[in-house]
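What follows is each chain in one-letter form.
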Amino acid sequence: MKYTLSLLLLFATTIIFAQHPEKKQITVKGTILEDGTNYPLEYSTVSFINAQGKTITGGITDTEGNYSIEVPTGVYTVKYEFISYKAKQLANQNLTKNTTLPTVKLALDAANLDEVVVRAETTEVQIRLDKKIYNIGKDLTAGGATVSDALNNVPSVTVDVDGTIALRGNENVKILINGKPSAIAGFGSTDALRQLPAEAIERVEVITSPSARYDAEGTAGILNIILKKEKTLGLNGSISTSIGVPLNSSASGNINLRTDKFNIFNTTGVYYRNGPGKAYFDNRYFPRTVIDTTTGGTTTVLPQFDQVIENRKYGRMGKGFNTNLGIEYFLSDKSSVTASGFYRKGDGDDQTTNNTTNYNNGIVAEQSVRKENQIEDDTNYQFSLNYVNNFSDKGHKLTADFQYDRGEDSERSLITEEQNLPNFEILPAEDILKKVSQTEYLAQADYVLPIGENAQFEAGYRGNFQETKTDYALFEETGTTGIFVRNDDLSNVFTYDQNVNAIYSQYGNKFGKFSFLLGLRLENTQLKGKVDAENIPQNIPFDLNFDKDYTGLFPTVNLTYELKENENITLGYNRRINRPRHWYINPFPSRSSEANVYQGNPDLDPAYASAFDLGYLKRWKKLTLTTSLYYQHETDAFERVQEETGEVTSNGIPIIRTLPINLSTNDRYGFELGLLYNPYKWLTLNGSFNYFQFKTEGFYNEKDYGAENTSYFGRFSSKVKLPAKIDWQTNAFYRGPSNSAQTETDGILSVDMAMSKDIINDNATLALNVSDLFNTRKRNSFTSTETFTSESEFQWRQRQVTLTFTYRFNQKKQRQRPKGMGGDDEGGFEG
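Just so it is clear, the model here is predicted, and its values are computed rather than measured. (Residues numbered from 1 in each chain as written. Predicted model: local features only at pLDDT ≥ 70, side-chain atom pairs only at ≥ 80, totals over all residues. Heavy atoms only, no water.)

A. Looking closely at the overall build of the protein chain. What the protein chain contains, in helices and strands, is four helices and 48 strands. Looking at the protein chain residue by residue over its 831 residues, the buried ones come to 53%. For the protein chain, the proportion of contacts with a sequence separation of at least 24, taken over those separated by at least 6, is 68%. With an accessible surface of roughly 36900 Å², the protein chain has 56% of that area assigned to carbon and sulfur atoms. (Helix = DSSP H or I, 4+ residues; strand = E, 2+ residues; numbered from the N terminus. Buried < 20%, exposed > 50% of the residue type's maximum accessible area, 1.4 Å probe, protein only. Contact = heavy atoms within 4.5 Å. Areas by Shrake-Rupley, 256 points an atom, 1.4 Å probe, with all protein chains shown as cover.)

B. Spatial organisation of the pattern of salt bridges. Tallied over the full model, the rule gives 25 salt bridges. R213 is the salt-bridge partner of E458, the closest N and O atoms lying 2.3 Å from each other. Of the two residues, E458 sits in strand β26 (residues 455-477) while R213 sits in the loop between β14 (201-207) and β15 (221-227), which places them 245 residues apart along the sequence. Each member of the pair, E458 as well as R213, is classed as buried. (Salt bridge = Lys/Arg side-chain N within 4 Å of Asp/Glu carboxyl O.)

C. Up close: unusual backbone geometry. Following V245, the chain continues to P246 via a peptide bond in cis, the omega torsion being -10 degrees. Position of P246 relative to the elements: it lies in the loop between β16 (234-245) and β17 (248-258). Backbone torsion omega between L421 and P422 reads 0 degrees, so that peptide bond is classified as cis. Along the polypeptide, P422 turns up in the loop between β24 (397-421) and β25 (425-451). A positive phi angle is found at D636, which is not glycine, with a value near 55 degrees. Relative to the helices and strands, D636 resides in strand β35 (residues 623-648).

D. Layout of the environment of I577. Mapped onto the elements, I577 comes out in strand β31 (residues 567-578). When the C-alpha positions of I577 and G218 are compared, they lie 6.0 Å apart, and in sequence the two are 359 residues distant. With near-sequence residues (within four places) excluded, I577 lies in contact with A216, E217, G218, T219, E523, F554, P606, A607 and Y608.

E. Molecular detail of the pairing of strand β30 (residues 546-564). Judged from the 16 bridges that link them, strand β29 (residues 514-532) and β30 form a sheet pairing that is antiparallel. Of the residues in β30, the one forming a bridge with L527 is K548. For β30 and β31, the ladder comprises eight bridges, and the chain directions are antiparallel. Residue pairing for β31: K564 is matched across the bridge by E567. (Pairing = 2+ DSSP bridges.)

F. Here's a closer look at the packing of aromatic side chains. The tally for this structure, following the rule as stated, stands at 21 aromatic pairs. When the centroid spacing of 4.9 Å and the interplanar angle of 40 degrees are considered together, the rings of Y573 and F612 count as tilted. Of this pair, Y573 sits in strand β31 while F612 sits in strand β34 (residues 607-619), and the two are 39 residues apart along the sequence. Taken together, a centroid distance of 5.2 Å and an interplanar angle of 0 degrees make the contact between Y680 and W682 stacked. Under the relative-accessibility criterion, Y680 is labelled partly exposed at 47%. (Phe/Tyr/Trp six-rings, centres within 6.5 Å; stacked < 30°, edge-to-face > 60°.)

G. Structural context of the sheet that holds strand β2 (residues 45-49). Reading across the sheet, the four strands line up as β3-β2-β5-β6 and stay open at both edges, with antiparallel pairing between neighbours. Edge positions in the sheet fall to β3 (55-60) and β6 (88-95), since each of these pairs with one other strand and no more. Across the sheet, the mean angle from the axis of one strand to that of its neighbour is 20 degrees, orientation sign disregarded. As paired elements, β2 and strand β5 (residues 74-81) share five bridges and run antiparallel to each other. Each residue of the ladder has a partner; that of S47, found in β5, is K79. (Axes fitted to C-alpha atoms, helices over the stretch in contact; angles between N-to-C directions.)

H. Broad picture of the environment of G600. As for its position among the elements, G600 is in the loop between β33 (596-598) and β34. Since its relative accessible area comes to 0%, G600 is described here as buried. C-alpha of G600 to C-alpha of H582: the two residues are 18 residues apart in sequence and 8.3 Å apart in space.

I. Structural detail: the side chain of T439. Structurally, the position occupied by T439 is in strand β25. Beyond its immediate chain neighbours, meaning those up to four positions away, T439 contacts Y404, D405, R406, F465, Q466 and E467.

J. Representation of the nonpolar core. Residues L151, V157, I165, V206, L223 and I225 are the most contacted members of the largest nonpolar core, which totals 21 residues. At the level of secondary structure, the elements contributing two or more residues to this core comprise α3 (147-151), β11 (157-159), β12 (165-167), β13 (173-177), β14 and β15. Residues contacting L151, with those up to four places away along its chain left out, are V157, V159, I165, L193, V204 and I225. Formed by 18 residues, the second largest nonpolar core is a distinct cluster that contains V28, L41, V104 and L106. (Core = buried A, V, L, I, M, F, W, Y, C linked by side-chain atoms within 4.5 Å.)

What follows is the structure, given as structure tokens:
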């Protein structure tokens with residue numbers, strides 16, 4: 001009996017423990033794709049909810065849309081979510097062992113499948129806490145175009161007729177390629193972006209409120225250009241050729257081979273272009289008063305000519321080659337190493353003819369023709385290494401980067417001039433040699449640590465070390481003998497070093513509908529300058545050799561509140577710095593003509609800005625609305641001023657000097673609005689408007705250079721899908737008039753139009769586009785000072801017509817949606 005009771009007790013105990021076992025952990029895997037395109041949706045959230053409605057655990061998808069989450073055994077409702085997409089649920093999932101759930105496809109909220117496809121083929125906005133991402137889709141006007149042309153179609157961005165890029169009307173913008181400074185974008189100048197095909201772009205990130213992860217450089221913000229890198233397994237690629245009038249020919253191709261262990265990618269292009277342009281200047285000179293410093297008396301000096309008119313014609317021939325080759329090796333399913341090399345070679349042969357007429361009292365006194373033949377050789381190469389280790393599927397990540405850039409640019413300009421009135425005379429020629437070489441090293445490490453379900457901590461380091469050497473030599477002809485003598489008063493070698501070390505940390509979290517990202521960045525900047533010259537002028541009021549050191553803190557705050565699933569507001573604050581470039585600091589004058597010289601200012605200090613941005617996003621069934629209000633306060637802002645030097649040319653024309661200075665303050669206010677409307681499956685409308693006002697206050701040489709300016713720009717794009725697989729697109733852009741301390745600029749209107757047709761079973765596309773349809777992309781400006789006025793018109797290039805053929809193999813027609821970030825950019829916290 002005793003043994004029987006013991007056995008019964010043991011049996012009962014076993015039953016009790018069997019009914020309340022300790023739940024074991026299992027692994028649940030799956031994939032989330034975009035409905036209609038089957039693109040992976042990175043950063044989608046997966047939640048496991050028990051019968052009581054409590055979220056037990058969860059995770060996010062990786063770059064391929066996959067998730068792998070440790071889950072206690074049990075019965076759950078599995079919920080799938082991604083911002084601006086319809087959520088989905090799998091109810092009553094009895095999970096007792098390692099399981100792979102069915103692939104889930106999410107669609108844009110309140111949009112049917114056809115509208116998803118249409119929307120995917122246009123430029124689309126994705127909002128994050130610290131940036132807006134514009135996915136460059138099937139933009140017909142990009143056929144045969146350059147990266148610089150494509151940027152002009154991105155909301156908030158403008159590209160001037162001379163290639164100057166501005167963000168919300170502010171030119172102090174930092175250009176990054178794949179999240180880093182790069183030789184691909186050029187060093188300081190944006191000319192290199194005119195040599196790269198627009199087809200190479202996957203997306204453009206407009207970062208008006210950068211988080212602490214990004215460089216503090218650029219008071220306007222950051223443009224991060226992400227280049228394409230195919231993620232499809234197997235061999236695929238495309239080739240594209242174009243021909244245009246005026247001569248604009250190019251060919252580019254990309255090929256990608258991806259396996260489970262490695263990904264090899266290459267993009268190569270060649271081009272040959274000849275772009276004619278023109279300019280007109282009407283300069284009028286007035287009597288000036290000269291004060292004798294000894295006696296205090298004044299003397300009125302009359303100009304030798306009271307009016308000088310210049311008509312210039314430009315012929316720009318350019319040819320070049322660029323290639324980017326890389327390999328990504330997957331060390332494991334969570335880590336990879338990428339090595340890539342970039343090389344660009346460009347040659348230019350520019351002809352400028354300047355016809356000058358000098359007047360006195362409306363009567364022609366002199367006429368002359370000045371010709372400049374400039375030959376340019378531009379070479380850039382870059383080598384980079386990237387390491388990525390995803391410790392977990394929840395965002396625990398370490399990345400490390402090393403990059404080496406080397407660029408060399410040599411220019412030789414032979415300038416000849418002859419006078420036709422009052423007598424024919426051949427004037428002495430000039431031979432100008434300019435060589436610029438730049439070396440840059442970059443080292444960077446970033447660490448991301450998720451904390452709990454929604455929080456994230458991040459820290460990192462970046463070191464950027466640049467050396468720029470400018471060798472400028474001017475040789476002047478002795479009479480017309482053909483013998484050239486070096487001008488040691490202007491010839492010089494200027495070496496400029498800029499070293500920046502930075503560390504940062506930031507923390508983000510989400511509480512219900514509220515998300516925040518707080519960061520702090522510490523940057524130390526060292527600027528060094530050294531001049532080597534035979535003759536150093538005694539009257540230069542600058543310290544030619546300098547060594548400056550700046551350390552600053554740059555806080556960032558980014559907040560988001562989701563009013564509804566498809567509606568949110570954002571608020572951002574950040575402090576920024578604008579460091580002077582080497583040509584802003586080089587104290588030796590260089591001249592574009594005998595009467596116009598440019599001189600850098602080594603006394604320039606960095607400018608600092610505090611910026612605030614309030615944004616709003618709302619999506620309806622067929623309409624997407626984005627708006628922003630912004631304000632920026634900048635101290636020691638840069639401004640170029642023009643003044644007479646007191647010297648005259650050999651024929652008595654006053655020499656005008658352009659000099660950059662630090663003005664005291666610059667306040668900028670603005671409002672921008674963006675609309676994307678899909679009323680029908682065959683029609684897409686896209687428009688944006690930006691209105692801004694800025695006020696500058698400052699004095700230089702006892703003169704007030706303060707100014708107030710109100711301006712605006714807007715763009716409109718329509719795309720129509722016609723029968724027979726024909727697409728028709730029209731882009732219109734208008735920038736309103738503006739003014740600075742001395743110059744007023746008229747508004748500019750331009751219209752681009754393009755048509756395309758898919759052929760060869762949709763594997764190829766033939767496109768015809770016209771850039772500047774009405775030939776109105778011209779800059780007209782008027783500069784006024786006490787001693788002269790200058791009225792000018794400048795046209796960089798005339799109307800362009802281009803025919804492009806693109807063929808794709810093993811590659812679907814681009815219907816771009818947000819893809820994985822990988823190591824291509826600097827990520828972002830979404831909350």
